[in-house]
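A closer look at the structure
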Amino acid sequence: MLENRRQDRVGALIQRELGEIIHRVVKDPRVAFCTVTHVDVSSDLKYVDVKVSVIGDLEQKEATLAGLKSAAGFIRREISRRLALRYSPELRFSLDDSVDHVMKIDGLLKRIETEEEVPENSAQDII
């Protein structure tokens with residue numbers, strides 16, 4: 001239980017620092033429009049799975065992921081420098097598609113909503 005809370009606290013700190021490092025320190029133009037959405041820290045605090053959301057098409061998402069992976073060593077050193085952790089965790093970046101799924105579902109719901117409004121309006125015009 002105590003270890004879980006420590007993982008959560010370390011994860012929150014790493015997520016905050018990652019966001020700042022990516023937006024203010026990393027100079028790679030491929031990493032322009034990304035947001036750290038979730039961080040999962042291993043129980044031994046040696047590995048961090050980082051989910052990022054990227055605005056753009058598939059090509060931009062892949063380029064951003066490649067930019068993050070190439071900057072992972074630099075970002076890892078920055079995290080180590082900013083946070084007093086015993087180990088500098090290995091960062092593993094992956095894309096978070098949950099935002100895309102939410103947008104798709106929202107679009108489908110709006111389409112259903114507009115389809116339901118059309119028959120009601122046409123029925124009122126007849127009466």
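Report on the accompanying structure.

Examining the pattern of salt bridges
- Applying the stated rule across the entire model yields nine salt bridges.
- With its nearest N and O atoms 3.3 Å apart, the salt bridge here joins R16 to E17.
- Three or more residues joined by partner-sharing salt bridges are found here, namely R16, E17, E20, E78, R81 and R82.

Section: a positive patch on the surface
- Taken together, the side chains of R5, R6, R9 and R86 present a region of like positive charge at the surface.
- Relative to the helices and strands, R9 resides in helix α1 (residues 2–25).

A look at the nonpolar core
- Core analysis: the biggest nonpolar cluster contains 25 residues, and I14, L18, V50, L68, I75 and F93 have the highest contact counts within it.
- Per-element tally for this core: the top contributor is α1, with five residues.
- Among residues more than four places away in sequence, those in contact with I75 are L18, I21, I22, V26, L68, L91 and F93.

Some points on the packing of aromatic side chains
- Here the structure, examined in full by the defined rule, presents zero aromatic pairs.
- Cation over ring: K46 sits above Y87, and NZ or CZ is 4.5 Å from the ring centre.

Cut-offs and rules
- Once a new chain begins, its residue numbering starts again from 1 and follows that chain's sequence as written.
- Owing to the predicted nature of the model, reporting of local features is limited to residues with pLDDT of at least 70; listing and counting of side-chain atom pairs is limited to 80 or more, with chain, interface and lining totals taken over all residues.
- Think of the side-chain values as coming from all heavy atoms in the structure, minus any hydrogens and water.
- Take a side-chain nitrogen of Lys or Arg and a carboxyl oxygen of Asp or Glu: if they are within 4 Å of each other, that pair is a salt bridge.
- Patch members must show over 30% relative accessible area and no salt bridge, and they are joined within 9 Å when carrying like charges or within 5 Å when they are nonpolar side chains of Val, Leu, Ile, Met, Phe, Trp or Tyr.
- Only the protein chains shown count as cover for residues, with accessible areas throughout obtained via the Shrake-Rupley method and a probe of 1.4 Å.
- Counting rule for charge: Lys and Arg are taken as positive, Asp and Glu as negative, and neither His nor the chain ends is counted.
- One atom stands in for each charge, and that atom is NZ of Lys, CZ of Arg, CG of Asp or CD of Glu.
- Secondary structure is summarised from DSSP: a helix means a run of H or I of at least four residues, a strand means a run of E of at least two, and numbering begins at the N terminus for each.
- For our purposes a nonpolar core is just a set of buried Ala, Val, Leu, Ile, Met, Phe, Trp, Tyr and Cys residues, chained together by side-chain atoms within 4.5 Å.
- Note on classification: 1.4 Å probe, protein chains only; a residue is buried when its accessible area is under 20% of the maximum for its type, exposed when over 50%, partly exposed between these limits.
- Pairs of residues are marked as contacts when any of their non-hydrogen atoms sit within 4.5 Å.
- Only centres within 6.5 Å qualify two rings of Phe, Tyr or Trp (six-membered ring in Trp) as a pair; their planes then separate them into stacked at under 30 degrees, edge-to-face at over 60, and tilted for everything else.
- Cation placement over rings: the criterion is NZ of Lys or CZ of Arg within 6 Å of the ring centroid and within 35° of the ring normal.

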